[in-house]
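Structural description and commentary
Below are the chains, spelled out letter by letter.
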Amino acid sequence: MDRAQKEKLVEELGQIFESSGVVVVSHYEGLTVAEMQDLRARMRDVGGSVRVAKNKLAKIALEGQPCASIASYLSGMTVLTFSEDPVAAAKVSEEFAKDNKKFEILGGAMGENALDRAGVTAVSKMPSREELIASIVGCIGAPASNIAGAIGAPASNIAGILSTLEEREAA
């Protein structure tokens, strides 16, 4: 890899650290190619990505970034999983780590906040963007259905009373 390629890679990594909602740093020593492809597919399904980069270049890309403190995790065979959704990469990484003991999560960053191993686990348990949107839509839709029910209730009550009166008169 020549100098221009390294500079381009550092720039790409800098963009990843800057624009991602969450970045998870993990060791992947011993994973097979098929297992790595499985991780990549899982991340792709949630809109995330997986990146293996030289630790030295990643550390250079972290200089001046708000999450520069995660540079201490960059030693050995490390892989970066990241996503714009602040929860997706952490969820997929946690699920993958449960299935593959060779995949060890070290920590990560969420915006300006550095995360240790427990922090990544805590983030993975948070609801995703889609889950939050669904719950907000549910909250917005509930009052409308309550209003429709309240408006319709008196009419059905009156209809019930009238049918009861008719039955009494008929008897």
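Quick caveat, the model's predicted, so the values are computed rather than measured.

With that settled, consider the overall build of the protein. Tallying secondary structure elements over the protein gives six helices and five strands in all. Starting at the N terminus, the α and β elements of the protein follow one another as α-β-α-β-α-β-α-β-β-α-α. Out of the 171 residues in the protein, the part that is buried amounts to 35%. If you take every contact in the protein between residues at least 6 apart in sequence, the share linking residues at least 24 apart comes to 78%. Entry remark: accessible area of the protein is about 10300 Å², with carbon and sulfur atoms responsible for 56%.

Burial analysis of strand β3 (residues 78-83) places six of its six residues in the buried class, the great majority of the element. Of the two faces of β3, the one lined by Thr-78, Leu-80 and Phe-82 and the one lined by Val-79, Thr-81 and Ser-83 are each fully buried. Where strand β1 (residues 22-27) lies against β3, six bridges are found, and the strand directions are antiparallel. Bridging across to β3, Val-22 finds its partner in Ser-83. Pairing analysis gives four bridges linking strand β2 (residues 48-51) to β3, with the strands arranged antiparallel. Its bridge partner lying in β3, Arg-51 is registered against Leu-80.

Let's shift gears to empty space enclosed by the protein. By the definition in use, this model includes one cavity of 30 Å³ or more. What the largest cavity holds in volume is close to 30 Å³. What lines the largest cavity is Phe-17, Ser-20, Gly-21, Val-22, Val-23, Cys-67, Ala-109, Met-110 and Gly-111. If you list the elements that add at least two residues to the lining of the largest cavity, you get β1 and β4 (104-110).

The subject of this paragraph is the side chain of Thr-81. Mapped onto the elements, Thr-81 comes out in strand β3. Not counting the four nearest positions on each side in its chain, Thr-81 is found in contact with Val-22, Val-23, Val-24, Leu-39, Met-43, Ser-49, Val-50, Ala-89 and Ser-93.

Spatial ordering of the open sheet is given by β2-β3-β1-β4-β5, a layout of five strands whose pairing is antiparallel. Unpaired on one side and paired on the other, β2 and β5 (113-115) mark the two borders of the sheet. On average, each strand axis in the sheet is tilted by 15° relative to the strand beside it, whichever way the strands run. This element, helix α2 (residues 33-45), spans β2 and β3 of the sheet and lies at about 150° to β2.

Procedures and definitions
Residues numbered from 1 in each chain as written. Predicted model: local features only at pLDDT ≥ 70, side-chain atom pairs only at ≥ 80, totals over all residues. Heavy atoms only, no water. Helix = DSSP H or I, 4+ residues; strand = E, 2+ residues; numbered from the N terminus. Buried < 20%, exposed > 50% of the residue type's maximum accessible area, 1.4 Å probe, protein only. Contact = heavy atoms within 4.5 Å. Areas by Shrake-Rupley, 256 points an atom, 1.4 Å probe, with all protein chains shown as cover. Pairing = 2+ DSSP bridges. 1 Å grid on protein atoms, 1.4 Å probe; cavity = no way out; pocket = protein on both sides within 12 Å on 5 of 7 lines; lining within 4 Å. Points joined across faces, edges and corners; volume = space filled by probe spheres on them. Axes fitted to C-alpha atoms, helices over the stretch in contact; angles between N-to-C directions.

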